[in-house]
Amino acid sequence: MSVADESAKFQGESRDDAAVPLLEPAEGVPPVTDTARAVEEVAARLAAGTGPLAVDAERASGFRYSNRAYLIQLRRTGSGTVLIDPIPVADALEPLAEAINGLEWVLHSADQDLPGLAELGLHPARLFDTELGGRLAGFERVGLAAMVDKLLGRELRKGHGAADWSTRPLPDDWLNYAALDVELLLELREAVDESLREQGKNDWAAQEFEHVRMIEPAAPKPDRWRRTSGIHTLRRPRQLAVVRELWSTRDVLARNRDVAPARILPDSAIVAAATADPKNVGALRALPVFGGPRQRRYSRDWLGAVERARALPDSELPTLSQPFDGPPPVNRWERRDPVASARLTAARAAMGELSTRYTVPVENLLTPDLLRRLCWDGLPEFRSGAVPDDPARAIDDYLTAGGARPWQRELDVAPLAAALFATEPAPPARDR
């Protein structure tokens, strides 16, 4: 049976019985490890276990500026569950790293937690991402609770995922929630792996997991201030300069205090100041939010930012339209380059057919950005109007340079060549 047939078969399966609620860990909630001595003890316990290591981390997104881990949850067969507070023991984690860095880690949405764990010197030797595996297996819902329900028949109830995990001490019910996040992660790994193998997608998954494990953190995007909510209502470059200066001032304050920027000054206040252009502290404090007790202490900083923007020469003002690296926004393609727009339409249709056939989301078959870049001006022949001597090879080379994995290129290249250059479609991918 082909990969496509297996995918369609599995996608149609469902479970009729009600999930059994999972309310507390079977072995109870372990104590929080928060001393160097305790780290050594749990490291020895984990080293004595067998098999992969279930890993999760809780951050304080929306509360803190940093992306650091404020709680680490680990579980291994024969070792039980471990909860570690990394804040007081950040300099004492070497025994833990020695015990677990050589293991396969099992995470759900690994790209969310790996950077914060890497800051602590913790890196997996191998990786299994149950969320990404679920996408490749064709599951419509890939949240942890949904997959535990579908594959294991257990109900993980929503709890404190969006809480401020920098809170100390951590409440008991939060710790219970955190321990449950790894309680069934190893069993879920086995179920997802079985599904991938049944569909012949296990090699695809292995390539994707290794890509996530090895990928370097993305550099901060330029002009991040342009993502300020409500900025689209501003029509003058000088107003954008005020947004830029206020955003930058807020970012410095947030980083220094390790507080989420929106908790120091919301985007709406930045846009209001750019619109009103206050000339003194009194006018600034008369604006919404700026008169509040938390913002008043920084009134001179905020007004200084406005004044710097006001003093800029016209030559240093930001442009109204956002500079971009690569293709323009897709909604402008038809006007700027109708031929490229037609290429993208044809390529998207081909990718949509592949997605349906293999029950893999389009964005996992090929990143949308790489597809857009290919269709805009990815090949020299697009500019000359010629056809490459070997369209498939040209596309394969481009996708390789763009970081596409071998399994993606094996599936994508022939349909894209057919869509972009009207070549004869290749025969279906071999059965797996």
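Residues numbered from 1 in each chain as written. Predicted model: local features only at pLDDT ≥ 70, side-chain atom pairs only at ≥ 80, totals over all residues. Heavy atoms only, no water.

Per an unreviewed UniProt entry, the protein chain is named HRDC domain-containing protein, and its organism is Nocardia jiangxiensis.

Summing up its helical and strand segments, the protein chain has 22 helices and eight strands in all. Overall, the protein chain is about 70 × 70 × 40 Å in size when its C-alpha atoms are taken along their principal axes. Buried positions account for 47% of the 432 residues belonging to the protein chain. Partitioning the intrachain contacts of the protein chain with sequence separation of at least 6 by distance along the chain shows that 68% fall at a separation of at least 24. (Helix = DSSP H or I, 4+ residues; strand = E, 2+ residues; numbered from the N terminus. Buried < 20%, exposed > 50% of the residue type's maximum accessible area, 1.4 Å probe, protein only. Contact = heavy atoms within 4.5 Å.)

For the rest of this paragraph, the subject is the side chain of Arg189. Position of Arg189 among the secondary structure elements: in helix α8 (residues 185-198). Arg189 sits in the buried class, given a relative accessible area of 11%. Every residue in contact with Arg189, bar those within four places of it in the chain, is listed here: Pro52, Glu104, Val106, Phe128 and Thr130.

As a further point, take helix α6 (residues 144-152). For α6, every residue scored as buried is listed here: Leu144, Ala146, Met147 and Val148. Its buried side turned inward, α6 meets α5 (130-137), β8 (154-155), α7 (172-183) and α8. Once α6 finishes, Gly153 follows within two positions and takes phi at roughly 70°, a positive value.

This paragraph deals with the UniProt feature "domain: HRDC" (unreviewed entry) in the protein chain. According to UniProt, the positions carrying the feature "domain: HRDC" (unreviewed entry) are residues 236-316. The distance separating the terminal C-alpha atoms of residues 236-316 is 13 Å; by composition the span is 70% helix and 0% strand. (UniProt positions renumbered as here; feature names shortened; annotations may be inferred.)

By size, the foremost hydrophobic cluster in this structure holds 80 residues, and its most contacted members are Leu74, Ile100, Trp105 and Ile395. Those residues within four positions of Trp105 in sequence are excluded, and the remaining contacts are Leu53, Val55, Ile100, Leu114, Leu117, Leu122, His123, Pro124, Arg126, Leu127 and Phe128. Core analysis: the next-biggest nonpolar cluster, separate from the first, contains 31 residues, Ala241, Val242, Ala269 and Leu284 among them. (Core = buried A, V, L, I, M, F, W, Y, C linked by side-chain atoms within 4.5 Å.)

Residue Pro169 follows Arg168 across a cis peptide bond; omega there is -5°. The phi dihedral of Asp223 falls on the positive side, at around 55°, and the residue is not glycine. By secondary structure assignment, the location of Asp223 is in the loop between α9 (202-214) and α10 (237-257). Since its relative accessible area comes to 28%, Asp223 is described here as partly exposed.

In this structure, Ala118 sits in helix α4 (residues 110-118). Taking the relative accessible area as the measure of exposure, Ala118 reaches 31% and is therefore partly exposed. Considered as a pair, Ala118 and Leu96 are 22 residues apart in the sequence and their alpha carbons are 13 Å apart.

Sheet architecture is open: six strands sit in the order β2-β5-β4-β3-β6-β7, paired in mixed fashion. Strand pairing shows two members of the sheet lacking a second neighbour, β2 (32-33) and β7 (126-129), which therefore form its edges. By the bridge criterion, two bridges tie strand β3 (residues 50-58) to strand β6 (residues 104-107) in an arrangement that is parallel. Pairing of Leu53 across the sheet is with Trp105, part of β6. Of the strands in this sheet, β3, β4 (71-77), β6 and β7 touch α4, which is tilted by about 125° from β6. Lying over the sheet, α5 contacts β6 and β7, oriented at roughly 60° with respect to β7. (Pairing = 2+ DSSP bridges. Axes fitted to C-alpha atoms, helices over the stretch in contact; angles between N-to-C directions.)

Below, the discussion takes up the pairing of strand β5 (residues 80-84). β5 sits mainly inside the fold: five of its five residues count as buried. In this structure, β2 lies alongside β5, joined through two bridges in parallel fashion. In the strand pairing of β5, Thr33 is matched with Ile84. Looking at chain direction, β4 and β5 are connected through five bridges and run antiparallel. If you follow Leu74 over to β5, its bridge partner there is Val82. Following β4, the chain reverses through two residues before pairing antiparallel with β5; Gly78 in that reversal takes a positive phi of roughly 85°.

This paragraph deals with the packing of helix α17 (residues 338-358) against helix α22 (residues 406-421). Running from N to C, α17 and α22 cross one another at 145°; their axes reach a closest spacing of 9 Å. Crossing hand, α17 versus α22: right-handed. Here Arg343, Ala346, Ala347, Ala350, Met351, Leu354 and Tyr358 of α17 come into contact with α22, specifically with Leu411, Asp412, Pro415, Leu416, Ala419 and Leu420. (Left-handed = near helix turned anticlockwise from the far one by under 90°.)

Turning next to the packing of aromatic side chains. Pairs of aromatic rings are described using the distance from one ring centre to the other and the angle between the two planes. Applying the stated criterion across every chain, the model contains nine aromatic pairs. Seen from their ring centres, Phe382 and Phe421 are 5.6 Å apart, and the 20° between their planes marks the pair as stacked. Taken as a pair, Phe382 in helix α20 (residues 380-384) and Phe421 in helix α22 lie far apart in primary sequence, 39 residues in all. Cluster of aromatic residues (ring-pair linked, three or more members): Trp165, Trp174 and Tyr177. When the ring centre of Phe382 is taken as origin, the NZ or CZ atom of Arg343, which lies over that ring, is 3.9 Å away. (Phe/Tyr/Trp six-rings, centres within 6.5 Å; stacked < 30°, edge-to-face > 60°. Lys NZ or Arg CZ within 6 Å of the ring centre and 35° of its normal.)

Next up on the list: the confidence of the model for the protein chain. Summary statistics for the protein chain give a mean pLDDT of 93 and a share of 94% for residues scoring 70 or more. Scored below 50 in pLDDT, residues 424-432 makes 14 contacts in the model with residues more than four places away or belonging to other chains. (pLDDT = per-residue confidence, 0-100.)

The next subject is helix α12 (residues 267-276). Those residues of α12 that fall on the buried side of the exposure criterion are Ala269, Ile270, Val271, Ala273 and Ala274. Packed against the buried residues of α12 are α10.

To continue, consider the pattern of salt bridges. Summed over all chains, the structure comprises 25 salt bridges. A salt bridge links Arg37 to Glu41; its shortest N-O distance comes to 3.7 Å. A residue pair is termed a helical-turn pair when its members lie 3 or 4 positions apart in one helix, as Arg37 and Glu41 do in helix α2 (residues 36-47) at four residues. Note that Arg226 is salt-bridged to Asp223, the shortest N-O span being 3.5 Å. Salt bridges here are not isolated pairs; linked through shared partners, they connect Glu104, Arg189, Glu190, Asp193 and Arg197. (Salt bridge = Lys/Arg side-chain N within 4 Å of Asp/Glu carboxyl O.)

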